[in-house]
Amino acid sequence: MTLVVVTTSPRVAPGLLSGRAWAVLGSGRVLTGSGDHPLLPYLADEGIPVEVVTPDPAALARESRDGTVVWLAAQDGDEPFMRAVGRAALDMEDPPVIELVPGSYDLPGARLLDLVAVMDRLRRDCPWDAKQTHESLVPYLLEESYEVLETIEDGDYAALREELGDLLLQVMFHSRLAQERSPDDGGFDVDDVAGGIVDKLVRRHPHVFSDTVVSGAEEVSDNWDTIKAAERAAKGWESLLDGVPMGQPALSLANGLQSRAERAGVPDALARAVGQGIGRELFDLVRRARAAGLDPEAELRAAARAYRDRVRTWERSEQTSFPER
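About the cut-offs
- Residues numbered from 1 in each chain as written.
- Predicted model: local features only at pLDDT ≥ 70, side-chain atom pairs only at ≥ 80, totals over all residues.
- Heavy atoms only, no water.
- Pairing = 2+ DSSP bridges.
- Helix = DSSP H or I, 4+ residues; strand = E, 2+ residues; numbered from the N terminus.
- Phe/Tyr/Trp six-rings, centres within 6.5 Å; stacked < 30°, edge-to-face > 60°.
- Buried < 20%, exposed > 50% of the residue type's maximum accessible area, 1.4 Å probe, protein only.
- pLDDT = per-residue confidence, 0-100.
- Contact = heavy atoms within 4.5 Å.
- Core = buried A, V, L, I, M, F, W, Y, C linked by side-chain atoms within 4.5 Å.
- Axes fitted to C-alpha atoms, helices over the stretch in contact; angles between N-to-C directions.
- Parallel < 35°, antiparallel > 145°, perpendicular 65-115°, else oblique.
- Left-handed = near helix turned anticlockwise from the far one by under 90°.
- Nonpolar A, V, L, I, M, F, W, Y, C, P; charged D, E, K, R; others polar.

So, about the sheet that holds strand 2 (residues 29-32). Spatial ordering of the open sheet is given by 3-2-4-1-5, a layout of five strands whose pairing is parallel. Sheet topology places strand 3 (51-52) and strand 5 (97-102) at the edges, where each strand pairs with a single neighbour. Pairing between strand 1 (residues 2-7) and strand 4 (residues 68-72): five bridges, direction parallel. Each residue of the ladder has a partner; that of L3, found in strand 4, is V69.

Using the criterion set out here, one finds two aromatic pairs in the structure. Aromatic pair W71 and F81: ring centres 4.9 Å apart, planes at 40°, arrangement tilted. Taken as a pair, W71 in strand 4 and F81 in helix 4 (residues 79-90) lie far apart in primary sequence, 10 residues in all. For W71, a relative accessible area of 1% gives the class buried. Aromatic side chains W128 and Y140 sit 5.8 Å apart centroid to centroid with 80° between the ring planes, which places their arrangement in the edge-to-face category. Placement of W128 in helix 6 (residues 127-130) and of Y140 in helix 7 (residues 134-154) is noted, with a sequence separation of 12 residues between them.

In the predicted model, the protein carries a mean pLDDT of 91, and 98% of its residues have values of at least 70. In the model of the protein, helix 11 (residues 217-234) stands out as the element of lowest mean pLDDT, 84, in contrast to helix 6, which has the highest, 97.

As for its placement among the helices and strands, V52 is situated in strand 3. A C-alpha to C-alpha distance of 9.4 Å links V52 and D36, two positions 16 residues apart in sequence. Beyond its immediate sequence surroundings of up to four residues, V52 is in contact with T32, S34 and G35.

This part is about the pairing of strand 4. Counting buried residues in strand 4 gives four out of five residues, a clear majority hidden from the surface. Taken together, the four bridges between strand 2 and strand 4 define a ladder with parallel strand orientation. Counterpart to R29 in the pairing with strand 4 is V69.

Ranked by internal contacts, the top residues of the largest apolar core, which has 14 residues, are V6, L25, V70 and L72. Broken down by secondary-structure element, the contributors of at least two residues to this core are strand 1, helix 1 (19-25), helix 2 (40-45) and strand 4. Per-element tally for this core: the top contributor is helix 1, with three residues. In this structure V6 touches A21, V24, L25, V70, W71, L72, A73, V101 and G103, once residues within four positions along its chain are discounted. In terms of nonpolar packing, the next biggest core, distinct from the first, is built from 10 residues, L3, V5, L60 and V69 among them.

Moving on, we come to the packing of helix 12 (residues 250-263) against helix 13 (residues 277-291). In contact at an axis separation of 10 Å, helix 12 and helix 13 are set at 55° when each is read in the N-to-C sense. It follows from the interaxial angle that helix 12 and helix 13 lie oblique. The two elements helix 12 and helix 13 cross, and the hand of that crossing is right-handed. Only F283, V286, R287 and R290 of helix 13 make contact with helix 12, whose side of the interface consists of L251, A254, N255, Q258, S259 and E262. A class-by-class count of the residues in the contact of helix 12 with helix 13 yields four nonpolar, three polar and three charged.

Rendered as structure tokens:
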């Protein structure tokens, strides 16, 4: 008098089931409402017959009352159907025991496989997605990055989840485009992207993944710089400033150049009196901010946000609104 429901994940290869699931599937009559369930060929190979039936909650509850019946759930879990089976069982005088056995289940990060599949279909079937290039996507990458930054500054962590998803889409989109090129032409896929950052993180954290001993965060940072210097040398970079992205906004660029130079022991005097006019003054302001332990980008953004708030307050007090331009 038992109904055993076996669930499986569409993100796990169908032949990979728990030992308990294989034992249950061979223990009684197996039914399913999914004629295209990907597990069916594997069960057939093991000599386990499966009957494909029209889902009928009341009938399934009645059949389970007379012996063990195994229901192989669809990969979406058959949740509405199983609720109906539960209600039908409760209406019975002598209801069967209903047991859930996970045959396979998602590990952390499994939904990323869904994103890979969705991106692949969009690239094939959506006219807009199909015509995009790395170059055409650049504005969206920048926009999504700034939107993530804004939610963090606002402390809007509920919105952060959505904005990180939009940013992740950009990573997935660029990886999908690169997948269409051969490796000789700079091609790669999202697994190469993930594998590359995994290798880098392991390499740069020997105190975690190897036997290096550190005394604290400062030594971790020093080791990081040493490892990065070795990586730059391996790439054949000739200057300690090679690799600093020159296309970033100027304030961040000045900060990045000065920070890299400072960590390498470049004399502070080289950062003085650089350029001419207002550019010289701005570059020196970055140097002074760094000397005070401040992030010049964050400081200027805070000032800009304060100005925005003042203008909004003034608008409300004056009951003034301005049309969009």
